[in-house]
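Chain by chain, the residues run as shown.
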Amino acid sequence: MPFQQPTPAQLAREASTDEKSTQSNWRDAQATHASIEWRVDFDNEVLTGAVTYDVTNKSNASTFVVDTHSGLTIHRAYVDNVEAEVLLGKPHAIFGVSAAVPLPPAKKTCQVRFEYSTAPECSAAQWLSPAQTAGKKRPYLFTQSQAIHARALLPCQDAPGAKMSWDAVVDAPQWATALMSGLQAESLPFIHKKCPPVEDGYRRWFWKQPVPTSSYLIAIVVADLEARDISERCRVWSEPSVVDKALHEFSETEQFLRAAEDITGQDYVWKRYDLVCLAPSFPYGGMENPCLTFVTPTLLAGDRSLAGVVAHEIAHSWTGNLVTNATWEHFWLNEGWTRWLERKIKARTSGKGRLLEDFDLATSQRNLSGAVKHFTEIGQGALTALVPPIEGVDPDDAFSLVPYEKGSTLIHLLERTVGEEKFSTFVKAYIREFRFTTVTTAQFRAFVQRELGAVSTIDWCQWFHAPGDLPQALALNESLGEKAVSLARQWLKNGCGDFTTLEGWTTDEKVAFLDALGAGGDDGRTQSAVSLQVLDAIDDAYSFTTDANAEIRSRWCKLLLSAGAARGVSLALDFVTCQGRMKFVRPLYRALRDSPCANAKETAISTFVENADFYHPICRKMVASDLGVDLGASGVDLRLVVAGAALVVVGLLLARRRN
Ligand SMILES: CC/C=C\C/C=C\C[C@@H](O)/C=C/C=C/C=C\[C@@H](O)CCCC(=O)O
Ligand SMILES: [Zn+2]
């Protein structure tokens, strides 16, 4: 039977370059360079300062329009140094408020300056009190801009296609180190002239990103940080008490970088590859901020078993940061390619080659099924298409493992269909063709056709548009996982297994064992077939309850919760309150919500409300939505406020009756 053809709407989505999550007019009048001035104000938890844009008026636009979000306030605007009126748009709950200034007629280029401050509720930033840091002495600031939070940090044209270079002058307290997703500079003559003198007790930092990049890659961290060199171009930063552990964990970074250069056939263009191991509430495993990857401390397993995330972030230096998804509909081109490249780097540097690749793909397919199941259950199955219909949708709500795992499986399928040698040439050509620009699914498809021919065994329409699991399974050599799967089968069948200890097992093998017991993917709910009795016996044998490895801990908690083990509740609550990585926190809060354990749901909600401040605003928003908690603007669960008010009223009435 011939493959189905895409509908006109699907075809339009494949080719879409129209970023619906921005209200800016970057296609008509685009910022090509930004000069940022920030003063980091820990007392008020705001950034104050300005951004000055070099604007190119591409189509005789009458205004220059930028995005803003979460209370960012523009105090004044200037066009070519003359104060200008700012016209604010109607606030949109997800996409924020647009801000427009008039452009001088018949002028191709001009400068637009916004003087502004962020708000304490800025969705991109987390301001930590000293008590929330490892050192307990100094406050801490870090940001996360992907997908559409950069607009809460600075008024900007917040679309991946609107690439620009930037530089920044950052005034931070003397004790702090201020790092950005760029290269450190000695001074910045242009911007410097506009800045006020550095205040007493403050130190001035200069950063620049000469490679045009998308706004979602603008990031800053300001904290008491210390560094260790990994190699000539790689350095790791973190709070002083963590830095040696981080150095040990990420010591393979230079090796990963070299492997990536070899596979992509292109030198690393960003010059430095530094890492900052952030505070535990960082909401993701890693974020590919150029020159300075942000990573979670949940990777600090002590044995480098979770350092694959660094290979992933390094891979983004080519796939994502150089070749960028044209819009968030094409996010799979960032993440699918990056997961593919990450696997190639790991296969090569581990010496395990294709066997590791297949083992990793098998894990991914389980995780993908979990994600698909979860999205289908919440009535959002349409978002499990590789090129999803996300118009009007908050990208944070659409985020899942689908672009990562379905996307990378498609790339591996393509590679296996045309052969590794031909594909290796194709990869290099793809990156050469699209580097420094953006790519849509249609452009990718056309490039495949041009370089590799029709590849008619792949049902492209199904892959791109069908919701759900993989439309076509890859034949995998699962020998690296056999030991784990067979041990899990023994426990499930007999209540005991061949191995009395897991000494010598890799973390990936332990993960495969727990998954085979039903720990499930990263997204789905648990559905354990293991009884509490068997779990206790497994714990006696393998001591999972005391295993600190985050990947193992999260799976073990899920198994305990779904089996109704009361100790699972406290174990899970400990875990979700000591780190804020959404990959662990969200599924565990959901597992607590759905657990048969007595009061698990109520305790989960009260723990979340009590600890709301611990989480980054993005994580806070997502968990609140998962648990059905309304934190309101004040960060207090409105239902608790209402319940509290009701109790007061009842109390007053009772007191009246008594009197
Ligand atoms: C199709 C979905 C449309 C848009 C989504 C784009 C961005 C979503 C936004 O929520 C940001 C995601 C940032 C991810 C950063 C790092 C991930 O690779 C981490 C993956 C999970 C983890 O390891 O913790
Ligand atoms: Zn990624």
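Since the structure is predicted, the reported quantities are computational estimates derived from the model, not experimental observations.

Before going further, it helps to examine the sheet that holds strand E17 (residues 234-238). Ordered in space as E16-E17-E18-E20-E19, the five strands form an open sheet in which the pairing is mixed. A single partner strand is all that each edge strand has here, and the edge strands are strand E16 (226-229) and strand E19 (286-287). Summarising the sheet, strand E18 (residues 273-277) and strand E20 (residues 292-295) pair through four bridges and their orientation is parallel. The residue of E20 that forms the bridge with Cys-277 is Val-295. Along the sheet face, helix H5 (residues 308-315) touches E18, E19 and E20 and points at about 135 degrees away from the line of E18.

Here the focus is the packing of aromatic side chains. Summed over the entire model, instances satisfying the criterion amount to 44 aromatic pairs. An angle of 80 degrees between the planes, with centres 6.3 Å apart, marks the rings of Trp-337 and Phe-444 as edge-to-face. A residue pair is termed long-range when its members are at least 10 positions apart, and Trp-337 in helix H6 (residues 331-350) and Phe-444 in helix H11 (residues 441-452) qualify at 107 residues. For the residue pair Trp-337 and Phe-444, the accessibility class agrees, reading buried in each case.

Right, let's talk about the pattern of salt bridges for a bit. Under the definition given, this model contains 46 salt bridges. The closest approach of N and O atoms between Arg-258 and Glu-254, which form a salt bridge, is 2.9 Å. Of this pair, Arg-258 and Glu-254 both sit in helix H4 (residues 253-264), four residues apart, which is roughly one turn of the helix. Accessibility expressed as a relative area gives 11% for Glu-254, which makes it buried. When salt bridges with common partners are traced through the structure, they connect Lys-344, Arg-354, Glu-357, Asp-358, Glu-415, Arg-416 and Glu-420 into a single cluster.

Summing up the model confidence of the protein, the mean pLDDT is 94 and the portion of residues at 70 or higher is 94%. Every residue in residues 522-526 scores below 50 in pLDDT, and together they form 23 contacts with partners more than four places removed in sequence or on other chains. Segment residues 634-659 is flagged for pLDDT under 50; beyond a separation of four residues in sequence, or across chains, it makes 15 contacts in the model. Under the prediction, the complex receives an ipTM of 0.98, its pTM being 0.95.

About the cut-offs
Residues numbered from 1 in each chain as written. Chains lettered and ligands numbered in written order. Predicted model: local features only at pLDDT ≥ 70, side-chain atom pairs only at ≥ 80, totals over all residues. Heavy atoms only, no water. Pairing = 2+ DSSP bridges. Helix = DSSP H or I, 4+ residues; strand = E, 2+ residues; numbered from the N terminus. Contact = heavy atoms within 4.5 Å. Axes fitted to C-alpha atoms, helices over the stretch in contact; angles between N-to-C directions. Phe/Tyr/Trp six-rings, centres within 6.5 Å; stacked < 30°, edge-to-face > 60°. Buried < 20%, exposed > 50% of the residue type's maximum accessible area, 1.4 Å probe, protein only. Salt bridge = Lys/Arg side-chain N within 4 Å of Asp/Glu carboxyl O. pLDDT = per-residue confidence, 0-100.

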